[in-house]
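What follows is the residue order along each chain.
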Amino acid sequence: MTEQLLTIKEAAYLLNIGTSTLRRMVWASEIGYIDLNKGGRHMMVRFTKRHLAEFLREREAGRAANDL
């Protein structure tokens, strides 16, 4: 894997939203992510730019469902 992993803070900055908003979206499964501590007590969430691009593409206004 050569893609850089982004922290919550970095991903929130790129999406121009707050970290608490992004955390809520993670808990609601509204955005894809990687959990580096899968099965652990606490989530250690990281994102790739692909996760962010997919999230934005899925929410682009004016797109028909069959365009996805």
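The structure displayed is predicted, hence computed values, not measured ones.

Caption draft 1: Summary view of the nonpolar core. Among the nonpolar cores identified, the biggest contains 13 residues, and Leu15, Leu22, Ile31, Phe47 and Leu52 are the most heavily contacted of them. Elements that contribute at least two residues to this core include exactly helix H1 (8-15), helix H2 (19-27) and helix H3 (49-58). No other element matches H1, which puts four residues into this core. Excluding residues that lie within four positions of it along the chain, Ile31 makes contacts with Leu15, Leu22, Met25, Val26, Phe47, His51, Leu52 and Phe55.

Caption draft 2: Seen up close, the pattern of salt bridges. As enumerated under the stated definition, the model contains two salt bridges in all. Linking Arg50 and Glu54 is a salt bridge whose minimum nitrogen-to-oxygen distance equals 3.1 Å. Placement of both Arg50 and Glu54 in helix H3 is noted, with a separation of four residues, approximately one turn of the helix. In this structure Arg50 comes out as partly exposed when scored by relative accessible area, which is 43%. Here Arg59 and Glu58 are joined by a salt bridge, their closest N and O atoms 3.4 Å apart.

Caption draft 3: Representation of H3 within the structure. When H3 is considered as a whole, its buried residues turn out to be His51, Leu52 and Phe55. Down the axis of H3, the buried set is contained in an arc of 95°. They therefore lie on one face. Against the buried residues of H3 lie H1, H2 and strand S1 (34-35).

Caption draft 4: Region of the structure containing the packing of H1 against H3. In the contact formed by H1 and H3, the axes pass within 11 Å of each other and the chain directions differ by 40°. When the axis of H1 is compared with that of H3, the two are oblique. The handedness of the crossing between H1 and H3 comes out as right-handed. Two secondary-structure elements touch here, H1 through Ala11, Leu14 and Leu15 and H3 through Lys49, Leu52, Phe55 and Leu56. Of the residues belonging to the contact of H1 with H3, the class tally is six nonpolar, no polar and one charged.

Each value, and the rule that gives it
Residues numbered from 1 in each chain as written. Predicted model: local features only at pLDDT ≥ 70, side-chain atom pairs only at ≥ 80, totals over all residues. Heavy atoms only, no water. Core = buried A, V, L, I, M, F, W, Y, C linked by side-chain atoms within 4.5 Å. Buried < 20%, exposed > 50% of the residue type's maximum accessible area, 1.4 Å probe, protein only. Helix = DSSP H or I, 4+ residues; strand = E, 2+ residues; numbered from the N terminus. Contact = heavy atoms within 4.5 Å. Salt bridge = Lys/Arg side-chain N within 4 Å of Asp/Glu carboxyl O. Arc of directions from axis to C-beta. Axes fitted to C-alpha atoms, helices over the stretch in contact; angles between N-to-C directions. Parallel < 35°, antiparallel > 145°, perpendicular 65-115°, else oblique. Left-handed = near helix turned anticlockwise from the far one by under 90°. Nonpolar A, V, L, I, M, F, W, Y, C, P; charged D, E, K, R; others polar.

Honestly, that's just the spatial picture; any functional story needs more than this.
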